[in-house]
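Secondary and tertiary structure notes
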Amino acid sequence: MKDPVVEQLQRDVLAIATEDGRLPGTEPHARARQYLVDRLTEIGCVPFRGDAYELPYQGRGPCADQSFVNVIGVCPGDPEQRHLHDPLLIAAHYDSVIAAPCADDNAAAIAIALRVAERLIATPTHRDVLIALFDAEEPPHYHGETMGSMRFYEDQRDGVEFHAALVMDLVGHDVAAPVPIPGASMLVPSIPRLLFVMGSESHPALPDVVRHATDHADKLAVVTALNRYVGDVSDHFAFRINEVPFLFLSCGRWQHYHKPSDTPDKLNYHKMARIAGFLEHLTRGLDEVTTGRAREHDTTAFDIAMFKHALGRIGTPIAMKAAGLDTFETREDFDKIAARLMAGGLY
Ligand SMILES: [Zn+2]
């Protein structure tokens with residue numbers, strides 16, 4: 001049976017995850033960008049500033065003679081209320097690290113962002129939601145001054161403060177058993193369905209929103225974790241250091257990470273459709289709460305409860321055993337499980 005959402009996700013990935021990739025400054029990068037502009041137009045987004053979705057900027061340092069382009073569309077909030085609230089931001093980078101499809105990194109996230117945009121246009125939130133498709137996330141720009149999200153935050157947001165930032169990277173694939181225990185993925189069917197959500201610790205309002213969104217995502221196994229376990233590995237960096245509450249969604253690294261073998265045929269479009277649904281619920285949930293500046297708080301009990309729920313009665317003891325744990329109650333315990341997962345190559 002054909003699912004129109006899955007088909008649209010597939011079309012969007014195939015359109016931009018071409019053989020030539022999306023290296024900044026190249027013709028295929030410009031072609032992918034034009035496709036994103038056409039899609040935002042078709043969906044009914046409006047430009048963030050001026051009359052164009054494309055916000056060009058000049059590189060910095062060694063890339064000073066190169067130009068880059070962030071693509072930003074807005075899903076306008078309720079006309080009566082939008083001026084009362086800071087906008088939310090959903091972000092994903094569209095550049096590629098090599099001249100290859102880079103489907104999971106990050107065409108999948110772009111397709112999901114477009115799907116959520118469609119939903120928000122159909123049923124608006126109170127506040128505006130920016131769909132931020134950033135340029136130059138990949139090396140050599142990663143964490144540098146030319147990074148698209150950094151230039152957006154510093155030069156292009158026109159003083160707008162954000163309610164929160166929801167950032168995606170590597171969200172198109174099934175997770176492989178991170179723990180080399182024979183049969184682990186057979187015993188624990190939730191492993192391929194894992195989705196990691198980092199950043200709940202950045203504001204006390206976030207855990208409840210994540211928990212409620214998870215209630216509507218029964219076919220995803222959502223594990224929350226501290227951002228410090230994985231680090232500022234994507235565009236949430238620019239928002240975290242500027243004290244914007246954030247969530248970073250990722251399925252982690254996999255064997256095709258940054259390789260020519262990261263192709264559209266390897267993605268799980270059904271999982272992507274579920275992530276889009278989850279992200280929509282996160283967005284609507286966040287729309288209802290008060291945030292303000294980031295405010296770090298303890299998420300130990302929340303993270304452990306989410307982990308146990310995601311891995312289940314069979315998966316949890318397997319993960320505990322792999323991490324050498326007899327009990328699973330403290331942040332130290334969670335640190336050990338996270339370290340074990342990281343050692344399995346997740347990040
Ligand atoms: Zn990458």
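Below, the structure is looked at part by part. (Residues numbered from 1 in each chain as written. Predicted model: local features only at pLDDT ≥ 70, side-chain atom pairs only at ≥ 80, totals over all residues. Heavy atoms only, no water.)

1. Brief notes about the overall build of the protein
For clarity, the cut-off: Secondary structure elements are defined from DSSP: runs of H or I of at least 4 residues count as helices, runs of E of at least 2 residues count as strands, and each element is numbered from the N terminus. Two things to know: the radius of gyration comes from C-alpha atoms, and the globule rule equals 2.2 Å times the number of residues to the power 0.38. When accessible area is computed with a 1.4 Å probe and restricted to protein chains, residues below 20% of their type maximum are described as buried, those above 50% as exposed, and intermediate ones as partly exposed. Any pair of residues with heavy atoms lying within 4.5 Å of one another is described as a contacting pair. Residue exposure ignores everything except the shown protein chains as possible cover, and the areas themselves are Shrake-Rupley values with a 1.4 Å probe.
Assigned secondary structure in the protein consists of 11 helices and nine strands. What you see for the protein is a C-alpha radius of gyration of 19 Å, in line with the 20 Å of a compact globule of 347 residues. Dimensions of the protein, computed from C-alpha atoms along their principal axes, come out at roughly 60 × 50 × 45 Å. Buried residues in the protein amount to 57% of all 347 residues. For the protein, the proportion of contacts with a sequence separation of at least 24, taken over those separated by at least 6, is 81%. Split by element, the accessible area of the protein, about 14000 Å² in all, is 53% carbon and sulfur.

2. Considerations on the pattern of salt bridges
Applicable threshold: Take a side-chain nitrogen of Lys or Arg and a carboxyl oxygen of Asp or Glu: if they are within 4 Å of each other, that pair is a salt bridge.
One pass over the structure, following the stated rule, counts 21 salt bridges. Ionic pairing is found between R284 and E280, a salt bridge with its closest N-O pair at 2.9 Å. Of this pair, R284 and E280 both sit in helix α9 (residues 269–288), four residues apart, which is roughly one turn of that helix. Under the relative-accessibility criterion, E280 is labelled buried at 12%. In this structure, R331 engages D303 in a salt bridge whose closest nitrogen and oxygen atoms are separated by 2.8 Å.

3. Here's the deal with the pairing of strand β4 (residues 88–93)
The test is simple: Here is how to tell: hold the view so the strands point away, follow the path from the first strand over the helix to the second, and if it runs clockwise the crossover is right-handed. Pairing between strands is defined by DSSP: at least two bridges between the two strands are required.
In terms of residue burial, β4 counts as a mostly covered element, since six of its six residues are buried. Here β4 shows no split at all, with L88, I90 and A92 on one side and L89, A91 and H93 on the other all buried. With helix α3 (residues 103–122) bridging β4 and its parallel neighbour strand β5 (residues 129–134), the resulting β-α-β unit is right-handed. Here β4 runs beside strand β6 (residues 164–168); their pairing, made up of four bridges, is parallel. Note on β6: the bridge partner recorded for A91 is V167.

4. A look at the coordination of the zinc ion
Note the cut-off: Distances decide who is a donor: an N, O or S atom must be within 2.8 Å of the metal, or within 3.2 Å for Na, K and Ca. Water is not included, so sites may look incomplete. Angular criteria define each label, namely tetrahedral for four donors with all angles between 85 and 135 degrees, square planar for four and octahedral for six donors with opposite donors over 155 degrees apart and remaining angles between 65 and 115, and irregular for whatever fails these tests.
All of the protein donors around the zinc ion are D105 (OD), E138 (OE), E138 (OE) and H258 (NE2); their distances to the metal are 1.9 to 2.6 Å. Around the zinc ion, the four donor atoms sit at angles spanning 56 to 138°, and that spread fits a shape best called irregular. Positions of the donor residues of the zinc ion along the chain correspond to the pattern D-x32-E-x119-H. Within this pair, whereas D105 is found in helix α3, its partner E138 is found in the loop between β5 and α4 (148–156), the two being separated by 33 residues in sequence.

5. Side note on the nonpolar core
Rules: Only buried residues count toward a nonpolar core, which is a set of Ala, Val, Leu, Ile, Met, Phe, Trp, Tyr and Cys residues joined through side-chain atoms within 4.5 Å.
In terms of nonpolar packing, the biggest core is built from 114 residues, with I90, I112, F239, L249, F278 and L282 touching the most fellow members. Of the residues forming this core, the biggest block, 12 residues, is contributed by α3. If sequence neighbours within four positions are ignored, L282 has contacts with L166, V209, V210, A213, L247 and L249.

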